[in-house]
Amino acid sequence: MGTGRMDSFEREDAGAGGPSPGNAPVRDSVPEHLPRQTRQTAQPWSPSEPGSPEPGSPEPGSPAGSGSSSGPGHRLQPAGPPQAPAPLGRPGDEGPLGDGDSGSRGRGIAGLSLPYQVAAALSLALIGALACVHLGMVFLHVAPSNTVTKQHGEAVDWWVYPEFEQNWKLFAPNPLQQNVAVQVRAEYTAADGSRRSTDWIDLSAEDGAAIQGSLLPSHVHQNMLRRAWDFYVTSHDGDNRPNGVRGQLSERYVRRIAVARLMERDLGGPVERIQLRSATSAVDPPGWSDEKIEVKPVHRVLPWWTITAADLPEDAARDRAEAER
Amino acid sequence: MRRGNGFDRKVADALQRITAAALGPYQSAVVRIGFAGAWLCFLLRELPHRQELYGPDSPWAWDMARRLVAGNDAFTVLVWGDGVLWFECVYALSVASSLLLMLGWRTRAMSALFMVGVLSLQNRSIFMGDGGDNVIHLMALYLVFTRCAQVWSLDARRAARAARAEDGAASRDRTGPVLWCLLGFGLLVGTFLSLSHRPGLFVPLLLWVLWLAQGLWWAVSRYAARSQPHTLLDVIANLVHNTALVVIMAEVCVIYATAGWYKVQGSRWQDGTALYYPLKLDYFTPWPALSELLAASGTMVMLLTYGTVIVQVAFPFTLFNRRVKNVLLVVMMVEHAAIAVVLGLPFFSLAMIAADAVFLPTAFLVWLGAAAARGRARLRPRGRSREAPRQHEQHTAHRTLVG
C-alpha cells in the first residue's frame, strides 16, 4: 500500500532507468587501469587496500603517504586529512578536523576510562541495533510480500514511510512494452461567441519532441505528465471513479497539466471544457522475433470536464474572474 | 586458552578501529561530492522550470501538495507558506547548500541544510521524481550522519591550516558559532511555524539532535579538549559515521539486488529482449537513431540484457572479492553513463554513479585526487607562484607533524 510519497515509478516502467549496456570491452580496461593507478601513487599502502571504505591499516589520510609520491599533486587535499590515526591513535597526532575531530591523545575506546568505556559500549550497541533494524525494515520494504511482511507490514510501513520509501524495480519484472500517449481536446468560446472544439492534441508527443536531442531532459517533459497519468490510472477504477482523496487529487492534477499546456497555445478563446484520453500502443516486436501483436492503439477516454478557476494557473484564474465580472 | 586470547584481541582491535577513526574518508568524501553535485546540477538544469515543478502555482498546486503531505507526514518546509518568495528562498537555499556541501564548507551544517532542501523540494511534488530523485533523497538522509569532510573539503583545509598555526587558531573561529546560532534560530522559528501543520516528527527531531550535538561538540572541544567526555563524543561520532557508511553500502546493495532479482522473474529478461523495449519508449529515446542502432541486433540486445541481470544480481556477492568487485564497479559505472545518454536519464545515472563510488578503492581515489590537483595546477599556471610556497609549507608541516 503506497501510503505516501514516492509511489514513484509504480509498476514496471519505473520511471528510472533500468540498466542497459555494460559491456565486455570494459573488462579489459580494468586490470590495466586500476592496478596501475594503484602502483603509481599509492604504493605505500596498496597491499592492504581493502576495497571498500575501510582503509585498513594505514589510514589513507596520512599526509605522509601522499606526500611521498606525487609532487605537485595534492592541492585538492592539501590538508591530507591531518587525522592520521594509523591502526591506533598515534600519540602526538593532532588533527582538528573539519567536522569535528578530536585533538586528543588516546583516541577510540582504548583511550577511555572504564565508566566512559561502558558508555561507549552502550552507544555502540544502540547505534548497531538501530542500523540493523533499519536495514531489516528496508529489506522487508523492498522484498516481495512474504510471511513476515504479512504479519508485521504495519511496523515496516511505520518505519519506512514517508522518508525511506523506495522502489528499485527498475524496468522489472518486465519493462513497459507500450507507449502511452496522453491526448487532450478542448471546447472553447471563439471570438464570435460560438463554441468550438479542437482536434485531439497529443501532449505526450510534445514531451517526446522536447526530450529528443536533449542531453539533459527536464523532469517537466520526462516525468510530469507521464507520472501524473500513472497516478490517475492507479487511483481510479475502470469506470473512472476515483478511490479516495488520491483519486480526486490525481484528477485535478492531470486537468491542471492539460489546461496549462493548452494555455501555451492560442486557441482563440477561453477554454470551457476539456476531455482527456490515453492512446496505448504496443511497441513493435523486435525485427528478429516472430511475435505478432495488435497494432491499433487502445484508447481510454475520460469524460468531459468543465474547467473552473481551480484548474487554471493563478494569473489566468484572476484574469478570468475579472473578465466574468 | 590462547585461542580465546587471540579472539579477544581481535575483538578489541576491531572495536578500537571502529571507534578511533571515521573510516573511509575518501569514500565518504566522494559520496558527498557526488550527491551534492548531482543535486546541484539538477537544480541548475531545472532553474527555468522550477516554478512548474515545485512552485506554488505548479500544476501540482500548493494546496494539493499540502493535502497529500497532511496524509503521509512527509517533511517539507514548502507547505509552510504558499508565497513565491518563500519558494524562491527555499530553492536558492537548496542550491547554496548543495554547492557548499560539495565544497565541504561547514560540512555538518551544510549536510543538514542539504537534507532539508532535498526533502522539501521532493516531498513538495512527489510525482515529479524518478529513481534518481529517490536515491538522492535517501543519501541526503544518510549523509548527515557521516564525517564526510575529512578530505577534499574546505573544512579539511581549514583544519590543516589551524593545525599549522598552532593552538589559538581554533578560538579565532567565529563563523562556526555564528552559523550555529543562526541555524538554531531558524530551527526554532521553523518548529513554531510547522506546529500548525502537525508534521512528522522524524526530521525535525533529527535536526534538533544534530544541532544540539554540534553545540555540545563545540563546547567540549573548546573547554575540555582531550578530556574523557571529549574522547567519548569523538568515539560516538566515529561510530555513527562508520555505521552510516555501512548503511550506505547496504543501501546500494539493496538497490542492485532488488533491481536484479525482480528482473530474473520477468519473461522479457528471460527471453533476452528486455533491453529492446525501453529503447522504443518515446519518453526514453532522446536519440532515436542511437536507440535504433542498439536495438538492431538481437544478439547484442540479448547479451546486454543478460549481462545487466548478471551484474546486478552478482554485485552484492562480489564485495567479498576485491578484484571482481572493482571490475563490476567499472562495468556498472560505464553502464550508467550509457543509460544517461541513451535513455536520457542523466541525473539518475549521476546519482547511481555517486552511490557506486562508495565502493571505489582508496588507492584509486587518492590517485584521482592527485590527478585532479595536477590538472588544476596545469589549468591555472599563474596560480603556481602562489602554489609553490604553500606546497613547501605543507612539506615542512608534515615533518613537524609526522616525521
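Predicted, not measured: the structure shown is a model, and the values here were computed from it.

1. As for the domain arrangement of chain B
All names here are of chain B.
Then, in step 1: Each domain of chain B was delimited in the assignment, giving domain 1 (20-223) and domain 2 (268-373).
Then, in step 2: One C-alpha centre belongs to domain 1, the other to domain 2; they are set 29 Å apart.
Then, in step 3: Of all residues in domain 1, the largest losses of buried area upon contact with domain 2 belong to Tyr 26, Gln 27 and Trp 152, amounting jointly to 34% of the total for that side.
Then, in step 4: Remark: the boundary between domain 1 and domain 2 carries zero salt bridges.
Then, in step 5: Looking at the side of domain 1 that touches domain 2, the elements with two or more residues in it are α2 (25-45) and α7 (131-143).
Then, in step 6: Here the side of domain 1 that touches domain 2 takes ten residues from α2, the largest share from any one element.

2. Remarks on the environment of Ala 279 of chain A
Residues and elements named next belong to chain A.
Then, in step 1: As for its placement among the helices and strands, Ala 279 is situated in strand β4 (residues 271-282).
Then, in step 2: Along the sequence, Ala 279 and Asp 290 sit eleven residues apart, while their C-alpha atoms lie 25 Å from each other.
Then, in step 3: Excluding residues that lie within four positions of it along the chain, Ala 279 makes contacts with Asn 179, Val 180, Ala 181, Gln 183, Pro 297, Val 298 and His 299.

3. Let's talk about the domain arrangement of chain A
Then, in step 1: What the domain assignment lists for chain A is domain 1 (109-172) and domain 2 (178-324).
Then, in step 2: Put simply, the middle of domain 1 of chain A and the middle of domain 2 of chain A, counted by C-alpha atoms, are 41 Å apart.

4. Details of the packing of helix α5 (residues 203-211) of chain A against helix α6 (residues 219-234) of chain A
Residues and elements named next belong to chain A.
Then, in step 1: Where α5 meets α6, the closest approach of the two axes is 9 Å, and the angle between their N-to-C directions is 155°. Classified by the interaxial angle, the pair formed by α5 and α6 is roughly antiparallel. For α5 against α6, the interelement crossing comes out left-handed. Listed contacts from α6 to Leu 203, Ser 204, Asp 207, Ala 210 and Ile 211 of α5 are Val 220, His 221, Gln 222 and Leu 225.

5. Re the pattern of salt bridges
Then, in step 1: The tally for this structure, following the rule as stated, stands at 18 salt bridges over all chains.
Then, in step 2: In this structure, the salt-bridge partner of Glu 291 of chain A is Arg 268 of chain B, at a minimum N-O distance of 2.9 Å. You can see Glu 291 of chain A sitting in the loop between β4 and β5 (298-301) and its partner Arg 268 of chain B sitting in helix α13 (residues 267-270), one on each of two chains.
Then, in step 3: Here Glu 292 of chain B makes a salt bridge to Lys 280 of chain B, at a shortest N to O gap of 3.1 Å. You can see Glu 292 of chain B sitting in helix α14 (residues 288-296) and its partner Lys 280 of chain B sitting in the loop between α13 and α14, a full twelve residues away along the chain.
Then, in step 4: According to the relative accessible area criterion, Glu 292 of chain B is partly exposed, its value standing at 45%.
Then, in step 5: For Lys 280 of chain B, a relative accessible area of 22% gives the class partly exposed.
Then, in step 6: One connected set of salt bridges, linked through shared partners, spans Glu 206, Asp 207, Arg 261 and Arg 265 of chain A.

6. Quick word on α7 of chain B
All names here are of chain B.
Then, in step 1: Between its first and last C-alpha, α7 extends 18 Å over 13 residues, near the 18 Å set by a 1.5 Å rise per residue.
Then, in step 2: Summarising burial for α7: 13 of the 13 residues are buried, a large majority.
Then, in step 3: At the N-terminal boundary of α7, the capping side chain belongs to Asp 130, with an oxygen 3.0 Å from the backbone nitrogen of Gly 132.

7. Some words on the confidence of the model for chain B
Then, in step 1: Here chain B averages 91 in pLDDT, and 92% of its residues register 70 or above.
Then, in step 2: This stretch, residues 383-403 of chain B, has a pLDDT under 50; its non-local contacts, to residues over four places away or in other chains, come to 20 contacts.

8. A short note on the packing of aromatic side chains
Then, in step 1: Evaluated as defined, the whole model comprises 24 aromatic pairs over all chains.
Then, in step 2: Taking the centre distance of 5.9 Å and the plane angle of 80° together, the rings of Phe 171 of chain A and Phe 284 of chain B count as edge-to-face. Taken as a pair, Phe 171 of chain A in the loop between α4 (147-160) and β1 (178-189) and Phe 284 of chain B in the loop between α13 and α14 lie in two separate chains rather than in one. The same class applies to Phe 171 of chain A and to Phe 284 of chain B, which are both buried.
Then, in step 3: Look at Trp 208 of chain B and Trp 211 of chain B: their rings are 5.5 Å apart centre to centre, the planes differ by 90°, and that puts the pair in the edge-to-face class. With Trp 208 of chain B and Trp 211 of chain B both in helix α11 (residues 202-223) and three residues apart, this pair spans about one turn of that helix.
Then, in step 4: A relative accessible area of 22% places Trp 208 of chain B in the partly exposed class.
Then, in step 5: Ring pairs connect the aromatic residues Phe 231 and Tyr 253 of chain A together with Trp 60 and Phe 127 of chain B, which therefore count as one cluster.
Then, in step 6: The cationic tip of Arg 106 of chain B hangs over the ring face of Trp 105 of chain B; the distance from NZ or CZ to the ring centre is 5.8 Å.
Then, in step 7: A cation over an aromatic ring shows up here: Lys 263 of chain B above the ring of Trp 269 of chain B, its NZ or CZ 5.1 Å from the ring centre.

What counts and how
Residues numbered from 1 in each chain as written. Chains lettered and ligands numbered in written order. Predicted model: local features only at pLDDT ≥ 70, side-chain atom pairs only at ≥ 80, totals over all residues. Heavy atoms only, no water. Domains from an automatic or database assignment. Buried area = accessible area lost by both parts, 1.4 Å probe. Salt bridge = Lys/Arg side-chain N within 4 Å of Asp/Glu carboxyl O. Helix = DSSP H or I, 4+ residues; strand = E, 2+ residues; numbered from the N terminus. Contact = heavy atoms within 4.5 Å. Axes fitted to C-alpha atoms, helices over the stretch in contact; angles between N-to-C directions. Parallel < 35°, antiparallel > 145°, perpendicular 65-115°, else oblique. Left-handed = near helix turned anticlockwise from the far one by under 90°. Buried < 20%, exposed > 50% of the residue type's maximum accessible area, 1.4 Å probe, protein only. Expected span 1.5 Å × (residues − 1). Polar contact = N/O pair within 3.5 Å; in protein donor to acceptor, adjacent residues only side chain to side chain. pLDDT = per-residue confidence, 0-100. Phe/Tyr/Trp six-rings, centres within 6.5 Å; stacked < 30°, edge-to-face > 60°. Lys NZ or Arg CZ within 6 Å of the ring centre and 35° of its normal.

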